[in-house]
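Commentary on secondary and tertiary structure
Here is what each chain is made of, one letter per residue.
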Amino acid sequence: MALAQPGPLEHRGAEAVVTAVEWHGRPAVVKHRNRRSYRHPDLETRLVVERLRAEARLLERAAEAGLPVPALYAVDPAAATLVMARLPGETLERALRAPDGARWLPQLGELLARIHAAGIVHGDPTTSNFIAADGEPGANAGLAVIDFGLGAASDDDEQRATDLRVMLESLEAHHPELTAREPLLAAYGAWDGAAGVLERLAALEQRGRYNLVRG
Amino acid sequence: MSGAVLGIESTAHTAAAGIVSPDGEILADRKAIFTPEAGSGIHPREAANHHAVALPGLVREALADAGLRPSELALVVYARGPGLGPCLRTGATAARALAHAHGLPLLGVNHCVAHLEIGLLEGASDPVLLYLSGGNTQVIGYAHGRYRVFGETLDIGIGNMLDKFGREAGLEFPGGPKLEALAEGPELESLPYSVKGMDMAFSGLLTAALRKLADGMPLPRLAYAIQETAFAMACEVAERALAHTGKTELVLGGGVACNARLREMAATMADARDVACFAPSKALCVDNGVMIAWLGHVMHSGGYETGPADDRVDQRFRTDMAEVTWR
């Protein structure tokens, strides 16, 4: 790949290592999916290729739908690598810790609804997978969404509800002081497709997290 | 010997009584496991009857093992949930009888948290727990004053999945250990791999595996594929929780955590992340009274106030319901 000198490590996640680079003069990141030695090699190969392809496809679909996502610059399944635009701002995880962090919550609910309305389920919508940038409205300000590696193209309310559950769990685990549920779901509920999803969410919480005992 | 704590466990198949000293020495660990008839699952009432018969003897044996009279105990503890209602009530009744007869303090504790806290006896201090049993499949950690569930199964428990498949394949309960013995690789049959963020699902995997079984695929090959796929899912979720929380310790718990392949995978994952992996002995991974006693001791000595709500069973006692005041 025609990469410039790799820059500093941006993030070592569970799935991938993200490194800051210059891509033909533009600020970019290289996302490399590292192999998991605990998984059977055949399973590992299947997952790496599946997730890389899915992520590239979904990023393009999201961009076409006008969602705030990083532009995709290059895909290399053999090297398990994606190159994307580097977005300005900080992770939502961090932004929510600011004194007025709660102001991001309505925007987050709205963005999740827009993702779902575009026929995409994210698969891993935790607070680390959103980038918050302050500044003048328009341009690059506001929330952007990254990492569609566990996502899917889907209109399924069950999968959308699972997205909401993952988001709520991430918020409750990392930002319990925010009591984020109400503002998030209120903003999400403004979407005209939300009713069915919220019903599924209630059902999911009944049988999943709140019902630990099964015969 | 004073200050010893007795714990009673009866949330599901296992009736158990364990005794620990205040410094974590295991003085007794007695268990009796209810085994349903071949081809059928657990019936809560039948299991509770089994526990009602077994518990008095288990408590007596545990006290004899520890060389203690009941009046020498400092505290009686029982698991008040989550679990099967009739089984929980049986354990609670046994604990109450013992405590009241000898004027001992009584405390009801959370079964899932006990699996985590027993890992601290192994040397961990702030771990992520990968808790894999029949009904419970959770990734738990401490954050902001509570134990949080970072990820869990969205449908059936991993152990239930193994047992249900085993039952269909004509194996005796519990199916997990039999599948482990049968599993034969390295050729990997492809099965659904379902991780949603930090959560996982096993019913799709079960359905696909049962279909392949019906189509005549050899059991050893299927057993291998089920283990490789399901355990990798569990390890991936644990890995995501470690990455997300920045914690550097992993503790294994639950009956499925006795599986050698699961232990190997978890250790490999932890090693690659520079995370210390603590795998308690099999006796402490499965449901046991020792972990109940130890959690009760830790809570009690940490100043936990026993309120009326602590002496009541709760089938759906969630891991994150109680504020953790003892850490």
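Note: the structure precedes this text.
Our subject in this report is the structure included herewith. (Residues numbered from 1 in each chain as written. Chains lettered and ligands numbered in written order. Predicted model: local features only at pLDDT ≥ 70, side-chain atom pairs only at ≥ 80, totals over all residues. Heavy atoms only, no water.)

Once that is clear, we can look at the sheet that holds strand β12 (residues 276-278) of chain B. Backbone-to-backbone hydrogen bonds pair the strands of a sheet. The strands run either parallel or antiparallel. Residue and element names in this part refer to chain B. The strand order across the open sheet formed by 5 strands is β8-β7-β6-β11-β12, and the pairing between neighbours is mixed. Only two strands of the sheet have a single neighbouring strand rather than two, namely β8 (146-152) and β12. Each strand axis lies, on average, 25° off the axis of its neighbour in the sheet, ignoring direction. In this structure, strand β7 (residues 137-143) lies alongside β8, joined through 6 bridges in antiparallel fashion. Across the sheet, residue Val139 finds its bridge partner in β8, namely Gly151. (Pairing = 2+ DSSP bridges. Helix = DSSP H or I, 4+ residues; strand = E, 2+ residues; numbered from the N terminus. Axes fitted to C-alpha atoms, helices over the stretch in contact; angles between N-to-C directions.)

Residue and element names in this part refer to chain A. Secondary-structure assignment places Pro27 in strand β3 (residues 26-33). For Pro27, a relative accessible area of 40% translates into the label partly exposed. Each C-alpha atom, one on Pro27 and one on Met84, is 8.8 Å from the other, the two residues being 57 residues apart in sequence. Excluding residues within four positions of it along the chain, Pro27 makes contact with Val21, Glu22, Tyr73, Ala85 and Arg86. (Buried < 20%, exposed > 50% of the residue type's maximum accessible area, 1.4 Å probe, protein only. Contact = heavy atoms within 4.5 Å.)

Residues and elements named next belong to chain A. Strand order in this open sheet of 3 strands is β6-β8-β9, and the pairing throughout is antiparallel. With partners counted over all chains shown, the strands left at the sheet margins are β6 (90-91) and β9 (142-145), one partner each. Inspection of the sheet shows strand β8 (residues 130-133) paired to β9 by 4 bridges, in the antiparallel sense. When the bridges of β9 are listed, Ile131 appears paired with Ala144.

Enumeration according to the criterion identifies 3 aromatic pairs over all chains in this entry. Pairing Trp23 of chain A with Tyr73 of chain A gives two aromatic rings, centres 6.5 Å apart and planes at 10°, and the pair type is stacked. Linking Trp23 of chain A in strand β2 (residues 16-23) with Tyr73 of chain A in strand β4 (residues 72-76), this pair joins segments that are 50 residues apart in sequence. When its relative accessible area of 13% is taken as the criterion, Trp23 of chain A is described as buried. The lysine or arginine in question, Arg80 of chain B, covers the ring of Phe317 of chain B, its NZ or CZ lying 4.3 Å from the ring centre. (Phe/Tyr/Trp six-rings, centres within 6.5 Å; stacked < 30°, edge-to-face > 60°. Lys NZ or Arg CZ within 6 Å of the ring centre and 35° of its normal.)

On to the pairing of strand β5 (residues 81-85) of chain A. Residue and element names in this part refer to chain A. Within β5, 5 of the 5 residues are buried, which leaves it mostly tucked inside the rest of the structure. Direction of pairing for β3 relative to β5: antiparallel, over a ladder of 5 bridges. What sits directly across from Ala28, in β5, is Ala85. Looking at chain direction, β4 and β5 are connected through 4 bridges and run antiparallel. Paired with Asp76 across the bridge in β5 is Thr81. Taken together, β4 and the strand that follows it, β5, pair antiparallel across an intervening segment of 4 residues, in which Ala80 is found at a positive phi of about 55°.

Here we come to helix α5 (residues 181-189) of chain A. Of the residues making up α5 of chain A, those classed as buried are Leu184, Leu185, Ala187 and Tyr188 of chain A. Buried residues along α5 of chain A cover an arc of 160° about the axis, so they all sit on one side. (Arc of directions from axis to C-beta.)

Turning our eyes to something else, we now look at the packing of helix α3 (residues 111-121) of chain B against helix α10 (residues 289-301) of chain B. Residue and element names in this part refer to chain B. It is at 8 Å that the axes of α3 and α10 come closest, and there the two elements cross at 85°. In terms of their interaxial angle, α3 and α10 are classed as roughly perpendicular. Seen from α3, the contacting residues are His111, Val113, Ala114, His115, Glu117, Ile118 and Leu121; seen from α10, they are Val290, Met291, Ile292, Trp294, Leu295 and Val298. Here the residues of the contact of α3 with α10 are counted per class, giving 10 nonpolar, 2 polar and 1 charged. (Parallel < 35°, antiparallel > 145°, perpendicular 65-115°, else oblique. Nonpolar A, V, L, I, M, F, W, Y, C, P; charged D, E, K, R; others polar.)

Function cannot be inferred from these measures alone, as they are strictly geometric.
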